Amino acid sequence: MTAKLLTIAFRNMRRQLRRTILTGMTFAVAVFIYTVLVAVPWSMDRIAENASKELRLVVTERNNGRLPARYCGPIRKLEHVMGCAPEILWTAIYRDPKNPVVTYGINGDIQTITGSSDYMISAEKAKQLLTDRRSALVGYMLMRENGWKIGEPVTLRNPSDSKLTLTFIPIVEYPTEYMARAFLFDRRMLDDAVKKVYGADIQDRASFIVVKVDRVENMGLVANEIDENFHNSDAETETATESDTVANAVSAIGNIRTIIYSLCLVVMLTVLLIAANSMAMMVRDRISEVAVMRALGFTRTHIAVLLFTEAALIGLIGSMVGAGLALVVFAHGIRLGEITGLLGYLEVRPETAAAAVASAFLVSIASALGPVIRAMRVVPAMAFREIV
């Protein structure tokens with residue numbers, strides 16, 4: 001009986017083919033938008049989750065200024081500290097000024113805070129990075145966006161002064177999600193260039209300091225000790241876990257998650273109303289058929305299964321098209337730009353697309369609920385009198 005009802009549902013879908021296609025396209029467009037929207041906060045959550053895998057703290061200047069790199073000296077002496085590495089940010093331009101490249105200048109201390117594939121590279125590449133100042137470690141997404149290749153020179157320039165121009169040679173392409181848009185280089189390149197062009201010594205400057213702790217239960221203690229040690233100094237510190245720092249950065253423009261989920265809800269409600277209207281029209285067209293089927297012995301359950309199946313198939317096929325398109329277009333991710341301070345990206349994963357399809361499937365069932373209940377209540381003798 002189930003197979004027969006499914007066959008009848010497919011046949012009924014072809015009877016009003018234009019309406020079926022339009023309803024399916026509504027689901028496809030809505031699910032495409034829904035999938036892309038919901039992928040934004042989910043991508044942000046993965047960034048913060050990946051950042052929390054290591055026992056690292058990020059030390060910044062309380063007033064968003066620069067820190068002395070020498071702060072690492074006292075920090076290394078603290079109990080439970082395993083390593084300390086100062087890093088300097090340099091926002092550069094490759095070709096398009098609208099797409100700045102955020103780079104991170106590091107030194108040999110970076111090896112003291114590594115602990116996963118986020119930063120880990122082979123001993124040979126690490127040695128090359130520290131001996132050849134032109135070497136750079138670049139994330140796979142940044143490489144693909146700009147068409148860079150391993151071993152080929154990449155020239156970056158200062159956005160406000162073209163005199164400050166540096167040429168790097170990528171030697172490692174990070175395959176990890178967290179480091180997808182990272183650009184790490186030997187900071188001596190920048191130190192020497194700034195001194196040559198402007199005559200300024202920036203060797204003791206750091207945009208932030210990364211500290212590795214021995215155990216998770218000691219992270220709060222170490223963070224408090226760092227801030228207390230530099231309290232009332234010229235550059236007071238503010239220390240947080242790496243995951244909290246990333247989470248604050250990607251949500252810098254406000255509560256993005258609430259805005260996006262609200263938009264997703266609006267999209268789904270709109271589809272619900274459109275689909276409900278289509279289902280009401282479909283059921284109205286089926287009143288006489290329902291009466292005949294009831295007279296032939298079909299139960300209310302059979303009628304409900306038939307109509308729900310038709311609605312579910314339309315929603316399922318349409319949503320699979322929309323989610324599949326979003327998966328194809330955004331499977332490799334795009335950068336989120338200023339939304340996340342250039343730290344993150346938007347990527348549609350199979351599980352995201354599957355969740356969107358499941359949501360659309362439930363919406364299609366919900367849209368058919370009212371019309372199906374009305375059809376089940378129709379008395380066969382009265383249904384024959386309906387004007388179709």
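For the structure itself, look to the data block above.
Residues numbered from 1 in each chain as written. Predicted model: local features only at pLDDT ≥ 70, side-chain atom pairs only at ≥ 80, totals over all residues. Heavy atoms only, no water.

1. Digging into the packing of helix H11 (residues 300–330) against helix H12 (residues 350–377)
Working step 1: As a packed pair, H11 and H12 sit with axes 7 Å apart at the nearest point and diverge in direction by 150°. Relative to H12, the element H11 is oriented roughly antiparallel. The handedness of the crossing between H11 and H12 is right-handed. Across the interface between the two elements, Arg 300, Ala 304, Leu 307, Phe 308, Ala 311, Ala 312, Gly 315, Leu 316, Ser 319, Met 320, Ala 323 and Leu 327 from H11 touch Pro 350, Ala 353, Val 357, Ala 360, Phe 361, Ser 364, Ile 365, Ala 368, Leu 369, Val 372, Ala 375 and Met 376 from H12.
Working step 2: Looking at side-chain class alone, the contact of H11 with H12 contains 20 nonpolar, three polar and one charged residues. (Axes fitted to C-alpha atoms, helices over the stretch in contact; angles between N-to-C directions. Helix = DSSP H or I, 4+ residues; strand = E, 2+ residues; numbered from the N terminus. Parallel < 35°, antiparallel > 145°, perpendicular 65-115°, else oblique. Left-handed = near helix turned anticlockwise from the far one by under 90°. Contact = heavy atoms within 4.5 Å. Nonpolar A, V, L, I, M, F, W, Y, C, P; charged D, E, K, R; others polar.)

2. What to know about the pattern of salt bridges
Working step 1: Tallied over the entire structure, the rule returns 11 salt bridges.
Working step 2: For Arg 76, the salt bridge goes to Asp 109, with nearest N and O atoms at 2.8 Å. You can see Arg 76 sitting in helix H3 (residues 72–76) and its partner Asp 109 sitting in the loop between strand E4 (101–106) and helix H4 (123–131), a full 33 residues away along the chain.
Working step 3: Accessibility expressed as a relative area gives 24% for Asp 109, which makes it partly exposed.
Working step 4: The salt bridge partner of Asp 214 is Arg 215, with a shortest N-O separation of 4.0 Å.
Working step 5: When its relative accessible area of 26% is taken as the criterion, Asp 214 is described as partly exposed.
Working step 6: Among the residues examined, Arg 215 registers a relative accessible area of 41% and is labelled partly exposed.
Working step 7: Beyond isolated ion pairs, a larger network of salt bridges with shared partners links Asp 214, Arg 215 and Glu 217. (Salt bridge = Lys/Arg side-chain N within 4 Å of Asp/Glu carboxyl O. Buried < 20%, exposed > 50% of the residue type's maximum accessible area, 1.4 Å probe, protein only.)

3. Section: the sheet that holds strand E1 (residues 56–61)
Working step 1: Spatially, nine strands are ordered E6-E7-E5-E8-E4-E3-E10-E1-E11 in an open sheet, and the strand pairing comes out mixed. Unpaired on one side and paired on the other, strand E6 (154–157) and strand E11 (237–241) mark the two borders of the sheet. Strand-to-strand twist of the sheet, defined as the mean angle between neighbouring strand axes without regard to direction, takes the value 35°.
Working step 2: Two elements, strand E3 (residues 81–92) and E4, share five bridges in a ladder whose sense is antiparallel. Opposite Ile 88, over in E4, you have Gly 105 as the bridge partner.
Working step 3: The strands touched by helix H6 (residues 187–198) are E3, E4, strand E7 (165–174) and strand E8 (183–186); relative to E8, the strand with the most contacts, the crossing angle is about 65°. (Pairing = 2+ DSSP bridges.)

4. What to know about the pairing of E6
Working step 1: Side chains Val 154 and Leu 156 project from E6 onto a buried face, and the interleaved Thr 155 and Arg 157 project onto a face without burial.
Working step 2: Summarising the sheet, E6 and E7 pair through four bridges and their orientation is antiparallel. For Arg 157, the partnering residue across the bridge sits in E7 and is Thr 165.

5. What to know about the environment of Asn 146
Working step 1: Along the chain, the position of Asn 146 falls in helix H5 (residues 140–146).
Working step 2: Along the primary structure Asn 146 and Arg 95 are separated by 51 residues, whereas in three dimensions their C-alpha atoms are 8.8 Å apart.
Working step 3: Within the structure, the side chain of Asn 146 is placed 3.0 Å from the backbone oxygen of Leu 142, a separation counted as a polar contact. (Polar contact = N/O pair within 3.5 Å; in protein donor to acceptor, adjacent residues only side chain to side chain.)

6. Remarks on the packing of aromatic side chains
Working step 1: Applying the stated criterion across every chain yields a total of seven aromatic pairs.
Working step 2: With centroids separated by 6.4 Å and ring planes inclined at 40°, the aromatic side chains of Phe 32 and Phe 330 adopt a geometry described as tilted. Placement of Phe 32 in helix H2 (residues 17–51) and of Phe 330 in helix H11 is noted, with a sequence separation of 298 residues between them.
Working step 3: When its relative accessible area of 24% is taken as the criterion, Phe 32 is described as partly exposed. (Phe/Tyr/Trp six-rings, centres within 6.5 Å; stacked < 30°, edge-to-face > 60°.)

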